[in-house]
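# Structure at a glance
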Amino acid sequence: MLAVPLVGRVVGDGLGWEPYRLVDADGEVVDAVSAFLAELQAAGRSAATLRSYALDLLRWLRFCWAVGVPWDEASRGEARDFSRWMAVTGKPARPHWRHPDESPPPSLPTDATNAYAPSVRAHAETVLRAFYEFHREQDHGPVLNPFPLESSRRGRRANGHHNPMEQFRNERVGVYRPRIPERVPRAVPDETFNAIFARLGSNRDRALVAFYVSTGARASELLSTVQGGVDPGRQLLSVVRKGSGALQELPASTDAFVWLRLYQLEMQDVIPTGRRQPLFWTRRRPLRPLSYHAVHRMFERVVDGVGADVTLHALRHTAAYRMAEDPALPLTDVQWVLGHVHLTTTQIYLNPRRAGRMWCAASWLITTNRHAGPKSAPRPPRLWPIGPRICRCCSPPPTDERPPRRAARGGGAAAGPLPPSPDRLRLGDMPPEARQGGGVGDRALVEPSEPPGSRRTASRSRVAAGLVGGAAGRDLAATVVGLGGRPGPGELAPGTTAVVGPRRLSPLAPAADDGCPAQSDRGGPVAPIA
C-alpha cells in the first residue's frame, strides 16, 4: 500500500481577494491551484466551494508528490491509481486541530467506517476533471485530460434525445467516477431528538437546534442570518439561500424565538449589536461569528453523549418529513420552505420514514406469529360426491340395477353436477316456498317404485335435492328415502335431519341412536327436523 505523507495544507480566512490558498511542504503557494480558484470565484462560487475544491486538489497533489510525478505531467495511469488508492485505502490519521505539533494516532485498518465514501470520491473526480480541463484550455497542463469522460458519451450533447415524460439523466459521466448509491433521507426520531435537546449546554445551542428543526434551513443558511433579519412579531427568520443566494424569510416555531431571546439577554453586553451583525457568535474569546464547522462539532459532541447516530443535516430532513406528513400543508409550500428547485426533490419526503417501515414490518410479524396456530398434518382430500354418512349395517346389500335418471320437468336437461359440500340446514329455516312447493327445478330423482334400500336410493341419498327457495314440497319429500317409509308431499318424517346445498336436499341418519353399531363413532346425534 502506498504511504502518502500529509504535507501541504489549505490556508485562508474565507474573505478578501484570495479566500483560500494551497501551499506545499515548503510553504510555497501552488500557482496552478490559485489560478483555478480565482476562476471559480469569478464564476460566482462561494468561499465554502473554493475551500472544498482546494481540499480535493490538496489530496491529489499529495498523491503526485508521493509517486514523484508533477501535476502537469500526470497521465491516465496516475489518475487510475489515484482512484484505486482512494477506494482501497482509508482516511489518514490527522493530528488534533488544537495540537497540530503532536503526532497523530496510528491509522486504523481500512473498513466501512474510515473508508472514503463514494460521494467523496465522485466529488474529487469532478474537481480534478474540471481542474485539468481549465489548464488544458489555458495551454498550461497536459494535452489529454487524465480524468476523461466515457468515450461512448463524449462529443455529443447531454440529454440530446431526452424524453419529456422522464427525468433527466447524468449523461456526462467520468471514467473513474464511482457509482453513488441512492440514499433515503433519515429523520431524527422524537425520542432521540428530545434526548439530544436535553443535553444541549447553552441557550445559543438550543436556539440553533430549535431553528434547524422548525425552519428546515441548511446549516450554512441559518448561520447567514443577521440580527436585522429576525422578526419575532411575525415569527419569521431571513436566511440567504445556498444555491441562488436570494434572501428568503422562513417561518419558525415560538420556542425557537424564546431560546433566541434568552441567548440575546445573556450576550447583550458581550457581542456587538447592529442590524448587519451576525446573529450567532462563538462563546470562547476572541469572539467571532459562528462557523459551520463549529456548529457541526458542537452537535457531534452532544450526539456522542446520547449514543445516537444522527447528523446535523438530519434536522433538515426531520423538518421536511414533519411538513410533508401534514395534510393541511401543500407539497408546493414545503418545496418553497425547503428551497428546492424541482418538486421531484421534495417528493422523496412523501415516502414513509425508515423507522416507520421497520415498525410496521415488526408489528406484522408479531401479529402473524400470534394468530398462527400449531402446525398440523394436512387433511386428506375429500372424495366427490360428498353426502351424509349411510349406515351400511342397517341397509340391504346394494344391487346392480341402476334405473335411468329422470330429466327435469318441462323438457329440461338432467340435473346439474352435484355440489361438493352441502350446508346443513333445518327444515324450519327454509323459506316457505321451498317447503310448500311451487318452484320449477329438479324433480324426484328416485323412482316411486324403487325400493328404499336399493343402491340407487343409497347413492342419491348422499346429495341434496331441490332449488333453494324454489323446490316443490313433493319433490323434497320424494328424495327423503331409506328412513322407514316415504313421507307425503310437503312434509318430512319427524326425527330426521336434512342437508341443503345449492341444488339438492338429502336426508341424514336418524337423530337418536337406535342401537346401530355404526352410530357410536359419528360424534353424537344431529339436530332433528321439527
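Keep in mind the model is a prediction, meaning the values are calculated, not measured. (Residues numbered from 1 in each chain as written. Predicted model: local features only at pLDDT ≥ 70, side-chain atom pairs only at ≥ 80, totals over all residues. Heavy atoms only, no water.)

Looking only at helices and strands, the protein features 16 helices and 8 strands. For the protein, the exposed area adds up to about 32300 Å²; of that, 54% sits on carbon and sulfur atoms. (Helix = DSSP H or I, 4+ residues; strand = E, 2+ residues; numbered from the N terminus. Areas by Shrake-Rupley, 256 points an atom, 1.4 Å probe, with all protein chains shown as cover.)

Strand β4 (residues 236–240) sits mainly inside the fold: 4 of its 5 residues count as buried. In terms of strand pairing, strand β3 (residues 230–231) meets β4 through 2 bridges, oriented antiparallel. When the bridges of β4 are listed, Asp 231 appears paired with Leu 236. Of the pairings in the sheet, the one linking β4 to strand β5 (residues 247–251) comprises 5 bridges and is antiparallel in character. For Ser 238, the partnering residue across the bridge sits in β5 and is Glu 249. Remark: 6 residues form the turn of the hairpin made by β4 and β5, two consecutive strands paired antiparallel; Gly 245 in that turn has positive phi of roughly 75°. (Buried < 20%, exposed > 50% of the residue type's maximum accessible area, 1.4 Å probe, protein only. Pairing = 2+ DSSP bridges.)

We now examine the pattern of salt bridges. In this structure the tally under the stated criterion is 13 salt bridges. Across the pair Asp 56 and Arg 59 runs a salt bridge whose closest N-O atoms are separated by 3.0 Å. One end of the pair, Asp 56, and the other, Arg 59, are both in helix α2 (residues 47–67), 3 residues apart, so they sit about a helical turn from each other. On the basis of relative accessibility, which here comes to 15%, the residue Arg 59 falls in the buried class. As a salt-bridge pair, Arg 80 and Asp 81 come within 3.6 Å of each other at their nearest N and O atoms. For Arg 80, a relative accessible area of 41% corresponds to the partly exposed category. When its relative accessible area of 30% is taken as the criterion, Asp 81 is described as partly exposed. One salt-bridge network, in which partners are shared between bridges, spans Arg 80, Asp 81 and Arg 84. (Salt bridge = Lys/Arg side-chain N within 4 Å of Asp/Glu carboxyl O.)

Looking now at the confidence of the model for the protein. Confidence in the prediction for the protein averages 75 pLDDT; 63% of positions are at 70 or higher. Low pLDDT, under 50, characterises residues 407–430; the stretch is placed with 50 contacts to residues that sit more than four places away or in other chains. Overall, residues 433–530 carries pLDDT values under 50, and its contacts beyond four positions in sequence, including any with other chains, amount to 203 contacts. (pLDDT = per-residue confidence, 0-100. Contact = heavy atoms within 4.5 Å.)

Moving on, we come to the nonpolar core. Membership of the largest hydrophobic core comes to 36 residues, with the highest contact counts inside it found for Phe 211, Tyr 212 and Phe 280. For this core, the secondary structure elements donating two or more residues are α5 (190–198), α6 (203–215), α7 (219–223), α8 (254–266), α9 (292–306) and α10 (314–324). In terms of residues, this core owes the most to one element, α6, which gives 7 residues. Residues Ala 54, Leu 58, Phe 63 and Phe 147 belong to the second largest nonpolar core, which totals 33 residues. (Core = buried A, V, L, I, M, F, W, Y, C linked by side-chain atoms within 4.5 Å.)

Right, let's talk about the packing of aromatic side chains for a bit. With the rule as written, the count across this model stands at 20 aromatic pairs. Between the aromatic rings of Phe 63 and Trp 85, the centroid separation amounts to 5.9 Å while the plane-to-plane angle is 40°, which identifies the pairing as tilted. Here Phe 63 is found in helix α2, whereas its partner Trp 85 is found in helix α3 (residues 76–88), with 22 residues between them in sequence. Grouping residues by exposure puts Phe 63 and Trp 85 together as buried. (Phe/Tyr/Trp six-rings, centres within 6.5 Å; stacked < 30°, edge-to-face > 60°.)

Next up on the list: the packing of helix α1 (residues 31–42) against helix α4 (residues 118–137). At a minimum axis separation of 10 Å, α1 and α4 run at an interaxial angle of 100°. The orientation of α1 relative to α4 falls into the category roughly perpendicular. Counting all contacts with α1, which are made through Ala 32, Val 33, Ala 35, Phe 36 and Glu 39, the residues of α4 involved are Val 127, Ala 130, Phe 131, Phe 134 and His 135. Residues that form the contact of α1 with α4 fall into these classes: 8 nonpolar, 1 polar and 1 charged. (Axes fitted to C-alpha atoms, helices over the stretch in contact; angles between N-to-C directions. Parallel < 35°, antiparallel > 145°, perpendicular 65-115°, else oblique. Nonpolar A, V, L, I, M, F, W, Y, C, P; charged D, E, K, R; others polar.)

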